[in-house]
Every structure is written in C-alpha cells, then in structure tokens.
Amino acid sequence: MDIDSASSVVLQALTQATSQDTAVLKPAEEQLRQWETQPGFYSVLLNIFNNHMLDVNVRWLAVLYFKNGIDRYWRRVAPNALSEEEKTSLRAGLITNFNEPVNQIATQIAVLIAKVARLDCPRQWPELIPVLLESVKGQDGLQQHRALLTFYHVTKTLASKRLAQDKRLFQDLASGIYSFACSLWSHHTDCFLQQICARDEPAALSSLERTLLSLKGSHNSYKSYMIRYRWRFKTCRQVGPENTCREKLEKTIILYTKVLLDFLEYHPCAFIPLIQRSLEFAVSYVFTPAGEGVAFERFIVQCMNLIKMIVKNEAYKPAKNIEDSKPESLEAHKIKTAFFTHPTLTEIGRRLVSHYFLLTEEELAMWEEDPESFAVEETGGDSWKYSLRPCTEVLFLDIFHNYSQTLTPVLLEMVENLQGPTNVEDHVQLLMKDAVYNAVGLAAYELFDSVDFDQWFKNQLLGELQVSHHRYKLIRRRVIWLIGQWISVKFKSVLRPLLYEVILSLMQDPDLVNNTVLNLRSPVDDFEFRTEQFLPYLESIFGLLFHLLQQVTECDTKMQVLHVISCVIERVNIQIRPYVGCLVQYLPLLWKQSEEHNMLRCAILTTLIHLVQGLGAESKNLYPFLLPVIQLSTDVSQPPHVYLLEDGLELWLVTLENSPAVTPELLRIFQNMSALLELSSENLRTCFQIVNAYIYLSATEFLQNYGESLCQSFSDLLKDITNEGQVQVLKVVEIALKVSPILGAHMFQPLLPAVFRGIVDGERYPVVMSTYLGIMGRILLQNSSFFSSLLSKMASECGQEMDQLLGSVIEMWVDRMDNITQPERRKLSALALVSLLPSDNSVIQDKFCGIINICVEALHDVMSEDPETGTSKDCMLMSHFEEPKLSDDEEPPTEQDKRKKLLALEDPVHSVSLQHFVYEKLKAQQALMGDPGFGVLMETVDTVLVRQLQEFLQNL
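The protein chain goes by Importin-11 in an unreviewed UniProt entry, where it is assigned to Oryzias melastigma. If you open the UniProt record of the protein chain and go to Sequence similarities (unreviewed entry), you find "Belongs to the importin beta family." In UniProt, the protein chain has this text filed under Subunit (unreviewed entry): "Interacts with UBE2E3 and RPL12."

So, in structure tokens, the structure goes:
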C-alpha cells in the first residue's frame, strides 16, 4: 500500500466508519478489515492519528485500528506479520513527538506504545526509554505530560511481564530510571505545594496530575528496585474539602500508601528502617486527634492495613529459639516492641472499640429502613467487604492476637463498666455496649481463659435478650451474635435448651429475625449439638425458617436461610419428615424464580441433598421436581452447569442411594453421563459413584440400556488416566460382576482382555493388580464358562496353549497375593482358585501347592473363634438381614445400604464358608485321584502349610 496514494482512501474509509448510518458504516468496516494485512496500512494510520487537523472521531478510530493491529500482526510468528522495515518506521514515528492535544487519544497512544514496548523493548527498541526521559525533562507542559503518561503505561506494562529473563531486563531498566522518576515526582510535588499556598488552583491541578503520573511510574519501577519513600500527606491539610484538587489529591495519597504497602509486602527486610516512621505516621492519623478533619476513609483503611502487615509480618518475628533468629528479624521485633508500649496498645485498643466499632447513623438508618439488606451487608455483602468496618475488625483481631496479655485487661474493664441493663434512653451507651460486645465476640478464642461465658450468659446476657423495648433491639441483636461466636468456644451443652427458647422468641421479632436466623447456624452446626435437646423446638423453628424463606427478597438472604435449613435437616435427619411438606411444595417455585441466580440455585441443590437424605425412600415423591433439576444441573450442554454441576452430581448420587426402585425417568437421566465422563474433571469420582449406584439399584435394566455406551466411555478413559482413575473404572466393572456375574461379564467384555494381560504381565501398581485379581476372581468363581472362553481367546492372541497360560495366571496370582489387602478380595481369591478343583489337569496339579498356600493365608484372615461354641468359624459369613438399631445421633441406612446387605447374602464371599468349601474341594480331588495319588499331591505342599490346613479342617 503506497502511503501517499492510500492516505486519502483510508481517511475516507475511517470517516465512513464513524457514521451512524449502517449502510455507510458496514462497507467501510469491511474495507478496513481487508486492509489490516496490507503492507503500509499501519503507517497510514500513524499519519492520520498524528494529524491534529483531522476530525477527533476519525483519529480516535485510527488509533484503535492501530492498537488492534499490534495484538494481531506485530509478533514475527503471527500470520500476515508486519515486516521488520515497517515496524522500525512505526516505532520511530510513535515517539517523534508527544504533543497530542486530546486527552482520550493521548491515553490510547500511550497504551499502544506500551503494547509495542512489551514486545520490543529494550532489544528492538532501545531508544524508547531515553527518548521518553528526555521528553519528560522538557519545558513544554503538554509534551512533558504526554511523555509522563506514556512513561507510566510503558513501565506498568514492562513490570507485568513474568518470564525470568524479562524480569531481569526490567530490573536492569528500573535501576537506571528509578532515581530520575523519583526526583521528578519530588519536583512536581514541591511545585504543587507552592501553587496551593499561592492559591493558583489551575497550576496546582496540573502539577498534581504530573505528580500522580510520576508516582505511578516510580511505583512500577520500585517493585524491582528497593526504595526509601517519604510522606507528603501534609498536603491534605492545605486543601479544603470543596477544592477541586481534593479528589485527585486523595488518589495521590492512596497511591503513596499503596507504594508503602507493596514495598512492605515484597521487601519486608528492606522496609525495616521505615517501620518506626510508618507506625508513628499511621497510628498518629488513625488513633490520635491528628487525623481529625483530614483523614478520609480509604486513607484510614490503608493505614490500618499498614499497621496490620507490620504486626503480623512473619519476617519481623524472632524464632522460638532466639539463637536461631535472623538479625533482621530481631531488629524489626525490637522496633515493634519499643513502639507498641502498654499506653500505645491501650489507646489503640480503646480507640478501635470505642470509635471505629460504633455503628454509624447511616448504618442504623439502613437497619430501620431495610433490616434484610442490613443483615446481608453485615454478614459480608459486596460493598461491606471494601468498607472500613471489616478492616477495623481484622486489625483488632491481629493486634489482640499478638498482644493479648496487654489488651485482655483493657477489654475486660470495658465490659465491666457496662454490666447490667443499659438505659434505653442513653443512645451513646447503647452504641458503646454494642461495640464492646462485638469486640468480645471477635476475640472469643483469645478470651477463652479470661471469661466465664456460661455465667455471663445466665447472669447478664440472658436478661438483656429479654428486654423488649424497641431501642434495645440493638443489644438483643448483638447478644445473639455474641452467643453464636462463643458457642463453639465455651458454652455448656446443658444451656442449649435455654438458648433454643431464646432463639425461638427472637425469630418472631421482625427487627431481629434475619440476624437471629443467620446466627442459628452456630448452635446447630456445632460438634456438641444434641438432637434430643433440639427436637422439642424443631417444629416451631423449622416453621419460622420456612416462613422467613418466603418473606425475604434478597437473593443472599434466601441463600443463607436455605443454608440454615440445610443444617437443621442434616442434623435431625429422619426426624424432619413430619415438617417438610410446605418446604417441598415451595422449592419448585423458588427454583423457577431463581432462573437468573445460579448461586441461589446452588443453595437450593444443597437443601435438596439434605432433604433427600432426611426423607430416605419417601424422596421418590419429589421426583417430578427433583429429576428435572438433576437433568438440568448435570447437562454440560446447558450454560448453568458451570455453577450447578458439582452440587447437581451430589444430588443425583443421594437420590439414587435413597431410591427404593428404579423408574424410567431416573434411568433416562443417565444420558447425561457420557459427556460428563468425557470431561475427565475433578467430579469423575462422583460420576463413578453414580454408575455404581445405578448398578446396585437395577443392574439388569441399567446395563441393558447403557452397558455398551458405558463400556466405550471406559475404554476411552483408560487410554489416558492415572492409576487411581484406572482403579475407579475397574471397581465399577468389579461391582457389576458382583451384582450380575453373567450380564456384567458380557457388557464389559471388551475391557477384560486388558485385565487378563495385566495379571499375566505382573502389573506393577499394587492397587491396580489387586483390582485385576478381584475382577478375575469374580469371573472364575461365578462365571467359569466365560473364564474358559476368555482363556481360550487370550491363548490364541498370545500364541500359547490354554493350560500354559492358565499356569502363568495361577503362578502370578500366588506371587502377587500380598498386593491384595482387603479381606473380602483375599477370601474371593482363595474361593476362586480352589474352585479349579477337582481337576486332572496337570498344570492345575502342578500349581496345587500355590493354591493351598493362598487358601491357608485366607483361612488365617477369615477364621475366628466363636465365643458361644468355642470353635472356629468364618467371620465373613452372613446368614440373614436385620435393620440395625440406631441411636438418635446415628444416620439410618440408605436404600442402597440395604441393597448392599441383601446382595451380600447372595455373594459367595459372605454366603460360602471358606473352611467347608476348601474341605469339599480337597475331598473331591482325593476321590478323583485316589488316596495314593492324592497323598503324592499333598507331599508337594510345605509341611508347615499342611499342618495349618489340617488344624483349620480338623472338626469337619
């Protein structure tokens, strides 16, 4: 593209591309898109946006097209990449002058220069930084500002590179430019101060803008070059609250504090000389009258963060053995100890509680106007997270933890001064009591040995909860929160019923219901929870919870109420059944209403999980609602699955575990599984559990419908999966063979040759080998004809005789028996191998010693003395199924647990006595061979093994 001839047509296309008429706009955009890969196009764009006589919108668009071209075509390896000659010309043109009059375009040009710098500086563009620094030194105000703006964006971009080589290059660059950037910042700051004193507001604003840009540039550089930093906060005193400079000045001050905080975070040892001055400054403005009238909220937050980071910094703490401490740590600790004297800590502690913990008039008004939103904000709403209050509480906790010996008496004295009910007319004292109780709740763990909370609850707090005056709701709200903080720290179980009565009462108070419910989770979720203590209040509390769930409108509140409901259901389990009717009817409506709120739907899924567990087999009545929810949540083609999948899979699993019988709809959901197995995500284990649950529920219907596709999914998975994942797949096959030996072997037949080869080859990973032997044991014992056909097939593949291959299998089985650690599998191996008897096969007789060895080992595993008869018996035998007797705190068995028990009654491992089975097989072998032949066979067995075998079989 010839630059001179092309300029006019490109300019015309850009002009048309700024049109509001789509008929003009679209063809122009298409033409520009086609020119993107034409040589010379970006040189034309450079000339256009550097021509200040042209329309601003056209120039703006030219900059954007240039910037997008850098992303697409500047790299040498990019398709249609720009030539090195053109890039050299463009780099030179970008830094020819810094006199862009339009701020927005100047910013975009600075950004695109930074993009090029990220790729080319300093190797292909060594002149960039020197040119920028020279331009910054110039006397022209506009040029200086634009160069500073570009310098900031360039250093910011270069500082963000993460490769080690790039970081080293930037460190070298930073060491060369930092001193200049810092002196520039100092110069502009001094100019600003002088102009403020002279009340030259326009000039002051201009200097402040340069101060900010200089500081940003030096901030980017300092991360790699350690600095000392001096404060200029005093400027805030010289700017009135209505002054137009104030907003920009506050941004500058916040950036000052960010520099210090980052310096402290990245270079704590280099920061040690600044600890004393930083603490003096921060404490002065936050905890003394020096900050009154000048300290603004974001600045206070930054100062508190600075104090907190110094207090808790591990680099400033000596080792437990002082001799092992680094000199830097000892020096920092000495400075901190000298600063945090008893008077200083006392003042900080008192000020935090009595000033910063006090509820503001705005917060009280919010509570009055919208109690629900207030409760949500106070428990961590988005705006709350970035406010002063949480920062104050975190600082209090960190200081109290590190200086508890000093601060505990201070806090206890404040509590003592507020004993007894407070006059409802004394608004200040009510706020103070709220603040002090807040501190006692936050410091609960630190105060464990200093506060007898049980006595305080009975003698003081309980009485305050019973003060019904409207103004006292502030204290009632705080007390119930305070109890929630202490319940897991120190609260006797015997007091729980009294607490439940209080909670029940407060849940009927419109002003406190939200806070009370959110704090109900603490006693219900506590490890000392006793179901029998809670049951008398269950119906009333659950009814009020459901009523609140319907009443509240905030999504966050509904989520929190659902969480408390889930905790209650989880704790009381089947005892919830009489009271969930209304909730079951309401949840479908709530699910529909929450279509745009995936996090609320996650909370509903969690509630449904506990609800299904509580209802057990009765959960089948929920299927019209439950199954479509599972279907949607686990369908990876639906966008909400990103949020709902994990909880949806858990709900699917517990639904199957508690299902009394399979239904066509429940079976149909499994269509989602193929795509889930392809994901190979962290949820794979749950997917395998779901497959197993289907097999236990209805192996025949399930395998007939999905066995083939499931086998294909497993085959694909086994090509690229960890050993642990391989075991999970094989366990599914093992369970299928256990539940349905014939159908299971038929459906998973394509996977079995690999299992056979793994045994013959001596699989190295013990857990995998153990699973292989478990699978082959099931086939050999319960489907011998299939084993014979598999043996024949494998012998043909390997080019061996069947007997030879069988001998290899038995030999490896005997050799790797120690890989099997589960008693059930060890007994199964013995049953399977001895099932080969009686036999006149020479290979089996040749391996007879090994077979007997496995049988004796397994007999040692399973035989135990019967306390009633004094004789030995097989401890794995199960003769009948009976419902276990449960205590109130024990969970009842699921329908799947019952299915497993019934299956065990038919499983040879639990229904066949190994002792009798071995005896019968040996007797049959003896009958086949005759006594002399059998005697010769027994002589191949070690005499110690023979003696042990005889002891096991002597009473038969």
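Colleague: Tell me about the overall build of the protein chain, and please be specific about residues and values.
Modeller: From N to C terminus, the protein chain includes 47 helices and two strands. Taking 956 residues into account, the globule formula puts the C-alpha radius of gyration at 30 Å, and the protein chain, at 39 Å, lies well above it. Over its C-alpha atoms, taken along the principal directions, the protein chain stretches across nearly 120 × 85 × 70 Å. In the protein chain, buried positions account for 53% of the 956 residues. Within the protein chain, contacts between residues at least 6 apart in sequence are counted, and of these 74% link residues at least 24 apart. When the 86 positive and 118 negative side-chain charges of the protein chain are each reduced to one mean point, those points stand 7 Å apart.

Colleague: So, helix α21 (residues 427–442): which residues are in play, and what are the values?
Modeller: Every α-helical turn comprises 3.6 residues, leaving residues that sit three or four positions apart pointing alike. Between its first and last C-alpha atoms α21 spans 23 Å; for 16 residues at 1.5 Å apiece the expected length is 22 Å, and the two agree. The element α21 is extensively covered by neighbouring structure, given that 13 of its 16 residues are classed as buried.

Colleague: So what's going on with a positive patch on the surface? Which residues, and what values?
Modeller: The grouping of Arg-75, Arg-118, Arg-162 and Lys-167 at the surface amounts to a positive patch. Tracing the backbone through its elements, the reader meets Arg-162 in the loop between α8 (141–159) and α9 (164–197).

Colleague: Go over the packing of aromatic side chains with me, naming the residues and quoting the values.
Modeller: Using the criterion set out here, one finds 33 aromatic pairs in the structure. An aromatic cluster is defined as three or more aromatic residues linked by ring pairs; in this entry it consists of Trp-35, Phe-41, Tyr-42, Phe-49, Phe-66 and Tyr-73. Its guanidinium or amino end placed over the ring of Trp-591, Arg-601 lies 4.1 Å from that ring's centre, counting from NZ or CZ.

Colleague: Outline the packing of helix α28 (residues 581–593) against helix α30 (residues 623–633), supporting the account with residue identities and numerical values.
Modeller: Where α28 contacts α30, the axes come no closer than 11 Å and their chain directions differ by 30 degrees. If you check the angle between α28 and α30, you find them roughly parallel. In this structure, α28 crosses over α30, and the sense of that crossing is left-handed. Listed contacts from α30 to Leu-587, Pro-588 and Trp-591 of α28 are Phe-625, Val-629, Leu-632 and Ser-633. The residue makeup of the contact of α28 with α30, split by class, is six nonpolar, one polar and no charged.

Colleague: Before we move on, could you go through unusual backbone geometry and cite the residues and values that matter?
Modeller: A cis amide bond links Cys-121 to the next residue, Pro-122, at an omega of 5 degrees. Structurally, Pro-122 is set in the loop between α6 (103–120) and α7 (128–137). Note that the residue after Leu-837, namely Pro-838, is joined by a cis bond; omega there is -5 degrees. Of note, Pro-838 is situated in the loop between α41 (823–834) and α42 (842–846). Of note in the backbone geometry, Asn-80 takes a positive phi value of approximately 60 degrees without being a glycine. Within the element layout of this structure, Asn-80 appears in the loop between α4 (56–73) and α5 (84–94). Despite not being glycine, Asn-573 shows a phi value in the positive range, around 55 degrees. Among the structural elements, Asn-573 can be located in the loop between α27 (555–572) and α28. Assessed through its relative accessible area of 11%, Asn-573 is described here as buried.

Colleague: Go over the pattern of salt bridges with me, naming the residues and quoting the values.
Modeller: Going through the model one piece at a time under the given rule, you end up with 28 salt bridges. A salt bridge links Glu-724 to Arg-685, with the shortest nitrogen-to-oxygen separation between them at 2.3 Å. Of this pair, Glu-724 sits in helix α35 (residues 723–739) while Arg-685 is found in helix α34 (residues 684–718), placing the two residues 39 residues apart along the sequence. A residue is classified by how much of its surface remains accessible, and Arg-685, at 40% relative accessible area, is partly exposed. What emerges from the salt-bridge pattern is a single network uniting Asp-434, Arg-477 and Arg-478.

Colleague: Can you lay out the UniProt feature "domain: Importin N-terminal" (unreviewed entry) in the protein chain for me, pointing to particular residues and giving the numbers?
Modeller: Per the UniProt annotation, the sites labelled "domain: Importin N-terminal" (unreviewed entry) are residues 28–100. For residues 28–100, the end-to-end C-alpha separation is 26 Å, with 63% helix and 0% strand making up the annotated structure.

Colleague: Describe a negative patch on the surface, listing the residues and the values that go with them.
Modeller: A cluster of like negative charges, contributed by Glu-369, Asp-370, Glu-554 and Asp-556, occupies part of the molecular surface. The residue Glu-554 is located in the loop between α26 (531–551) and α27 in this model. A residue is classified by how much of its surface remains accessible, and Glu-554, at 31% relative accessible area, is partly exposed.

Colleague: Residues and numbers for the packing of helix α24 (residues 496–506) against α26, please.
Modeller: Across the interface, α24 lies against α26 with an axial gap of 10 Å and an inter-helix angle of 15 degrees. Our classification of the angle between α24 and α26 gives roughly parallel. As α24 packs across α26, the resulting crossing turns out to be left-handed. On the side of α24, the interface is formed by Arg-496, Pro-497, Tyr-500, Glu-501 and Leu-504, while α26 contributes Gln-533, Phe-534, Tyr-537, Ser-540, Ile-541 and Leu-544. Class assignment of the residues belonging to the contact of α24 with α26 gives a composition of seven nonpolar, two polar and two charged.

Colleague: Explain helix α16 (residues 361–369) residue by residue, including any values.
Modeller: All buried positions along α16 are accounted for by Glu-363, Leu-364 and Trp-367. The arc enclosing the buried residues of α16, seen along the axis, measures out at 100 degrees, which places them on a common side. In α16, the exposed positions angled more than 90 degrees off the buried face are occupied by Glu-361, Glu-362 and Glu-369.

Colleague: I'd like a description of the confidence of the model for the protein chain, backed by residues and values.
Modeller: Put simply, the protein chain has an average pLDDT of 87, and 92% of its residues get 70 or more. Predicted confidence is poor over residues 220–242, with pLDDT under 50, and the contacts of this stretch with residues over four places away or in other chains come to 78 contacts. Confidence drops under a pLDDT of 50 for residues 381–386, and excluding neighbours within four residues, the segment shows nine contacts in the predicted structure.

Colleague: I'd like a rundown of the environment of Thr-686, residues and numbers included.
Modeller: Mapped onto the elements of the fold, Thr-686 is located in helix α34. Classification of Thr-686 by relative accessible area gives buried; the value is 16%. When the C-alpha atoms of Thr-686 and Leu-653 are compared, they prove to be 7.6 Å apart, with 33 residues separating the residues in sequence. Discounting residues that sit within four places of it in the chain, Thr-686 has contacts with Leu-649, Glu-650 and Leu-653.

Colleague: Kindly report on a nonpolar patch on the surface, identifying the contributing residues and their values.
Modeller: Together, Met-599, Val-642 and Tyr-643 give the surface a local cluster of nonpolar side chains, amounting to about 340 Å² of exposed area. Secondary-structure assignment places Val-642 in helix α31 (residues 641–657).

Colleague: Give a description of the side chain of Thr-422 that names residues and reports values.
Modeller: Within the secondary structure, Thr-422 is located in the loop between α20 (404–416) and α21. For Thr-422, the residues in contact, after removing those within four places along its chain, are Gln-429, Leu-430, Lys-433 and Tyr-472.

Criteria and cut-off values
- Residues numbered from 1 in each chain as written.
- Predicted model: local features only at pLDDT ≥ 70, side-chain atom pairs only at ≥ 80, totals over all residues.
- Heavy atoms only, no water.
- UniProt positions renumbered as here; feature names shortened; annotations may be inferred.
- Helix = DSSP H or I, 4+ residues; strand = E, 2+ residues; numbered from the N terminus.
- Rg over C-alpha atoms; globule rule 2.2 N^0.38 Å.
- Buried < 20%, exposed > 50% of the residue type's maximum accessible area, 1.4 Å probe, protein only.
- Contact = heavy atoms within 4.5 Å.
- Lys, Arg positive; Asp, Glu negative; His and termini not counted.
- Charge placed at Lys NZ, Arg CZ, Asp CG, Glu CD.
- Expected span 1.5 Å × (residues − 1).
- Patch = residues over 30% accessible without salt bridge, like charges linked within 9 Å, V, L, I, M, F, W, Y side chains within 5 Å.
- Areas by Shrake-Rupley, 256 points an atom, 1.4 Å probe, with all protein chains shown as cover.
- Salt bridge = Lys/Arg side-chain N within 4 Å of Asp/Glu carboxyl O.
- Phe/Tyr/Trp six-rings, centres within 6.5 Å; stacked < 30°, edge-to-face > 60°.
- Lys NZ or Arg CZ within 6 Å of the ring centre and 35° of its normal.
- Axes fitted to C-alpha atoms, helices over the stretch in contact; angles between N-to-C directions.
- Parallel < 35°, antiparallel > 145°, perpendicular 65-115°, else oblique.
- Left-handed = near helix turned anticlockwise from the far one by under 90°.
- Nonpolar A, V, L, I, M, F, W, Y, C, P; charged D, E, K, R; others polar.
- Arc of directions from axis to C-beta.
- pLDDT = per-residue confidence, 0-100.

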